[in-house]
Amino acid sequence: MSTNRRELAEKLRALHEGTLVLPNAWDAASAALIARAGAPAIATTSGGVAWSAGRPDGHGLTREEMAALVARIVRVVDVPVTADIEGGYDDVAATVRAVVEAGAVGINLEDSTAPGGPLFDAPEQAGRVHAAREAATAAGLPELWLNARTDVHLFGIGAPEGRLDDVLTRAGAYAAAGADSLFVPGLVDLETLEVLVKESPLPVNVMVWPGAPTVAELEAVGVRRISVGTAIAQAAYAVAQRAAAELLEQGTCTALEGGLDFGAVNRAVTG
């Protein structure tokens, strides 16, 4: 493992000492532009990555295709890259080895068996987290940041009054298995997050969208990592659809106003 790779992994670790904000990328150009906007690290979004290849989210890509996309992102940025590996495909260890080889220094690993659930139970998912940690160490990157995602809130698993306890049980199991942080998409209630942050053995990552609490509000209750999932990709695709409809139906191009300069985009992906 190159010294630079391990330095990037250590940099990603250090970024979690404060509140890390990650606008998620879905291809090399979006990653390069997000880095130029000042992001200290790049996180991929599995949904956006799959859509960019004409596939659905939920293991729509093969492991090899996903890792190749990660490698393309790594080539155009000089900041740490953390890869969304969804549920790890059919072999968590093989997937971790693939993205480490591609240049990633962090991963997201979710506990859903499929989009919408059900979830792996806590002991089984803890075993998968442990396999990911061992694979990273064997690949020469023990510093890999492992963000363990639980979809209890995202998919409304179980009775609402029991979800916090379920998440905390999972947090304990995942921490013992080698996770570095806990990602709880679907949860943005500040009071609940404040309790979770105080009781979780792992720093907490949340996902935001329009109308969610601000970074400052989340930071105030102790959230340590904030990402947006597919939201930026969705917004970009919305521009494409609106602009196309306007051009076809009205013959005008006002939806394209405010676009980035051609040269700025080209320079962002020029090594």
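Asks: Outline the nonpolar core, listing residues and values.
Replies: Counting 70 residues, the largest nonpolar core has Ile42, Ile85, Val96, Ile107, Leu182, Leu193 and Leu196 as its most contacted members. For this core, the element with the highest residue contribution is helix H5 (residues 92–102), accounting for six residues. Those residues in contact with Ile42, other than ones at most four positions away along the chain, are Leu22, Ala25, Ala31, Ile34, Ala35, Ile73, Val77, Val79, Pro80, Val81 and Thr82.

Asks: Any details on the packing of aromatic side chains? Residues and values, ideally.
Replies: Taken as a whole and judged by the stated rule, the model has two aromatic pairs. Arranged with centres 6.4 Å apart and planes meeting at 50 degrees, the rings of Trp26 and Tyr237 form a pair that is tilted. With Trp26 in the loop between strand S1 (20–22) and helix H2 (28–36) and Tyr237 in helix H10 (residues 231–250), the pair connects residues that are 211 residues apart, well separated along the chain. You can call Tyr237 partly exposed: its relative accessible area is 34%. Centre to centre, the rings of Trp51 and Tyr237 are 6.4 Å apart; their planes meet at 65 degrees, and the pair counts as edge-to-face. One end of the pair, Trp51, is in helix H3 (residues 46–52); the other, Tyr237, is in helix H10, with 186 residues separating them in the sequence. Overall, the relative accessible area of 35% leaves Trp51 in the partly exposed class.

Asks: Requested: an account of the side chain of Arg149, with residues and values cited.
Replies: As for its placement among the helices and strands, Arg149 is situated in strand S5 (residues 145–149). Overall, Arg149 belongs to the buried group, its relative accessible area being 13%. Among the polar contacts made by the side chain of Arg149, one reaches the side chain of Glu110 at a distance of 3.4 Å. With residues near it in sequence (within four places) discarded, Arg149 still touches Leu109, Glu110, Asp111, Leu154, Phe155, Phe183 and Pro185.

Asks: Could you give an account of the pattern of salt bridges, with specific residues and numbers?
Replies: Under the defined criterion, the tally for this structure stands at ten salt bridges. The partner of Asp151 in a salt bridge is Arg149, with the nearest N and O atoms 2.6 Å apart. Judged by its relative accessible area of 0%, Asp151 falls in the buried class. One network of salt bridges, with partners in common, ties together Arg13, Arg133 and Asp180.

Rules behind the numbers
- The residue numbers shown here count from 1 along each chain, following its written sequence.
- Residue-level local features of this predicted model are given only where pLDDT is at least 70; pairs of side-chain atoms are given and counted only at 80 or more, and the full residue set underlies all totals for whole chains, interfaces and linings.
- Hydrogens and water are ignored here; the side-chain numbers use all heavy atoms of the structure.
- Throughout, nonpolar core names a set of buried Ala, Val, Leu, Ile, Met, Phe, Trp, Tyr and Cys residues whose side chains join them through atoms within 4.5 Å.
- Each residue gets one of three labels from its accessible area relative to the maximum for its type: buried under 20%, exposed over 50%, partly exposed in between, using a 1.4 Å probe on protein chains only.
- Elements are defined by DSSP. Helices are runs of H or I of four residues or more, strands are runs of E of two residues or more, and each kind is numbered from the N terminus.
- Throughout, a contact is declared for two residues whenever any of their heavy atoms are within 4.5 Å.
- For Phe, Tyr and Trp, where Trp contributes only its six-membered ring, two rings pair if their centres lie within 6.5 Å, and the inter-plane angle classes them as stacked under 30 degrees, edge-to-face over 60, or tilted in between.
- Counted as a polar contact is a pair of N or O atoms within 3.5 Å, where, for protein atoms, one must be capable of donating a hydrogen and the other of accepting one, and residues adjacent in sequence contribute only when both atoms are in side chains.
- The term salt bridge refers to a side-chain nitrogen of Lys or Arg lying within 4 Å of a carboxyl oxygen of Asp or Glu.

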